[in-house]
Amino acid sequence: MRFIAEKIDVGSLELKDQVVSINRVTKVVKGGKNLSFSALVVVGDGAGHVGYGMGKAREVSSAIKKGVEAAKKNVVRVPMTEKGFTIPHAVTGEFGSGIVLLKPASEGTGVIAGGAVRAVITAAGIQNILTKSLGSTTAHNVVKATVDALLRLKAPQRVARLRGRTVEEILGTEARAEKPALPVPPVASESEPAAAPAAEASGAAEPPATAGA
């Protein structure tokens, strides 16, 4: 299933680029060999916008520059939660033989990802997430599968509006807030245990009654 992404005006965004991989390509022709480079680049502003692109050129710097220009044309918006800077729900993305699983994580977990997945997640600005690459390890497939997973995410506000509910009901935070707390057992005061030894001491001080008396 192909998801249509909304157009993003990159002119107002402060995008930072990150090179994921650089491959050397050799083409055999009649007169010899032609050497060129292909670069896979990811761009993002760290605030919910990310994109990827690929560039080819005879020099590495030119290939990276072309990749950045291509990535700016593919920038998409990623929905994130306000608290914890994580994704709203678990999702799986696919591209070719690459499969990437993304799961939300609690605050303080960090980015549990590696390789190309980490580059996309970091560029998007997600700070707490659990990821797993289940298919191909090729950088191109992994990056595209990760972006496909991010496009499948649904914003809680949109889902709540379609279902006629509040955002708290969709996220389940209202149910957790209304859950009653466990009862606290009563704690004995310090004066009560001290009264028993005092009574025992007074009873021990009285002499036993004699039969003659």
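Everything below is about the structure shown above.
Per chain, residues are indexed from 1 in the order of the written sequence. Only residues with pLDDT of at least 70 get local features here, since the model is predicted, and only at 80 or more are side-chain atom pairs given and counted; chain-wide, interface and lining totals rely on the full set of residues. To get the side-chain values, take all heavy atoms of the structure and skip hydrogens and water.

Caption draft 1: Here's a closer look at the pairing of strand E3 (residues 49-57). Note: two strands are recorded as paired if DSSP finds a minimum of 2 bridges between them. Numbering of helices and strands starts at the N terminus; helices are DSSP runs of H or I of at least 4 residues and strands are runs of E of at least 2. Looking at chain direction, strand E2 (residues 32-44) and E3 are connected through 8 bridges and run antiparallel. Residue pairing for E3: Phe 37 is matched across the bridge by Ala 57. Bridge count between E3 and strand E4 (residues 76-77): 2 bridges; the pairing is antiparallel. From the neighbouring strand, His 49 faces E4, where its bridge partner is Arg 77.

Caption draft 2: Local environment of the sheet that holds strand E7 (residues 111-112). The strand order across the open sheet built from 4 strands is E5-E6-E8-E7, with neighbouring strands paired in mixed fashion. The sheet is open, and its two edges are formed by strand E5 (91-95) and E7, each paired on a single side.

Caption draft 3: Fine view of the sheet that holds E3. The strand order E1-E2-E3-E4 describes an open sheet built from 4 strands, whose pairing is antiparallel. The open sheet is flanked by strand E1 (16-29) and E4, the only strands paired with a single partner.

Caption draft 4: Highlighting the pattern of salt bridges. Only one rule defines a salt bridge in this text: a Lys or Arg side-chain nitrogen within 4 Å of an Asp or Glu carboxyl oxygen. In total, this model carries 1 salt bridge according to the counting rule given. Between Asp 148 and Arg 152 there is a salt bridge whose closest N-O contact spans 2.9 Å. The exposure class assigned to Asp 148 is buried, which follows from its relative accessible area of 13%. Under the scheme applied here, a residue whose accessible area is under 20% of the maximum for its type counts as buried, over 50% as exposed, and between as partly exposed, the area being computed with a 1.4 Å probe on protein chains only. What makes Arg 152 partly exposed here is its relative accessible area of 25%.

Caption draft 5: Up close: helix H3 (residues 139-151). In this model, H3 (13 residues) spans 18 Å end to end at C-alpha, consistent with the 18 Å of a helix rising 1.5 Å per residue. Across the 13 residues that make up H3, a large majority, 11, are buried. Residues Ala 139, His 140, Asn 141, Val 142, Val 143, Ala 145, Thr 146, Val 147, Asp 148, Ala 149 and Leu 150 constitute the buried set of H3. To estimate the expected span of a helix, subtract one from its residue number and multiply by 1.5 Å.

Caption draft 6: Geometry of the side chain of Asn 141. Among the structural elements, Asn 141 can be located in helix H3. Exposure remark for Asn 141: the relative accessible area of 18% places this residue in the buried category. When near neighbours in sequence (up to four residues on either side) are disregarded, Asn 141 contacts Phe 95, Ser 97, Gly 98 and Ser 136. Here, two residues are considered to be in contact whenever any of their heavy atoms come within 4.5 Å of each other.

Caption draft 7: Focus on the side chain of Asp 148. Summarising the element assignment, Asp 148 is placed in helix H3. A polar contact of 2.9 Å, which involves the side chain of Asp 148, links it to the side chain of Arg 152. Definition of a polar contact: a pair of N or O atoms within 3.5 Å, with one able to donate and the other able to accept a hydrogen when the atoms are protein atoms, and with sequence-neighbouring residues admitted only if both atoms are side-chain atoms.

Caption draft 8: Molecular detail of the pairing of E1. As paired strands, E1 and E2 are joined by 13 bridges and run antiparallel to one another. Its bridge partner being in E2, Asn 23 is matched across the sheet by Ser 38. The hairpin formed by E1 and E2 contains 2 residues between the paired strands.

Caption draft 9: Region of interest: helix H1 (residues 60-72). Over its 13 residues, H1 runs 19 Å from end to end, which matches the ideal 18 Å to within 8%, given 1.5 Å per residue. Among all positions of H1, only Ala 63, Gly 67, Val 68 and Ala 71 are buried. Along H1, the residues classed as buried sweep out an arc of 140° about the axis, all on the same side. Of the residues in H1, the exposed ones pointing more than 90 degrees away from the buried face are Ser 61 and Lys 65. Buried residues along H1 sit in contact with E1, E2 and E3. Along the arc lie the directions from the helix axis toward the C-beta atoms.

Caption draft 10: Seen up close, a positive patch on the surface. Each patch groups residues whose relative accessible area exceeds 30% and which form no salt bridge, using 9 Å between like charges and 5 Å between nonpolar side chains of Val, Leu, Ile, Met, Phe, Trp and Tyr. We get accessible surface area from the Shrake-Rupley algorithm with a probe of 1.4 Å; when it comes to residues, only the shown protein chains can shield them. The charged-residue count follows a simple rule in which Lys and Arg add positive charge and Asp and Glu add negative charge, with His and chain termini not counted at all. One atom stands in for each charge, and that atom is NZ of Lys, CZ of Arg, CG of Asp or CD of Glu. Together, Lys 154, Arg 158, Arg 161, Arg 163 and Arg 165 make up a region of like positive charge exposed at the surface. Note that Arg 158 resides in helix H4 (residues 156-163).

Caption draft 11: The arrangement of the nonpolar core in detail. Val 50, Leu 102, Ile 121, Ile 126 and Leu 150 are the most contacted members of the largest nonpolar core, which has 27 residues in total. Of all the secondary-structure elements, those providing two or more residues to this core are E2, strand E6 (98-104), helix H2 (116-124) and H3. Broken down by element, this core gets its largest block of residues, 7 residues, from H3. Contact partners of Val 50, with chain neighbours within four places excluded, come to Val 42, Val 43, Gly 44, Asn 74, Val 75, Val 76, Val 78, Val 120, Ala 123, Ala 124 and Leu 150. Membership of the second largest hydrophobic core comes to 11 residues, among which are Leu 13, Leu 15, Ala 71 and Val 75. Put simply, a nonpolar core is a bunch of buried Ala, Val, Leu, Ile, Met, Phe, Trp, Tyr and Cys residues held in one set by side-chain atoms that sit within 4.5 Å of each other.

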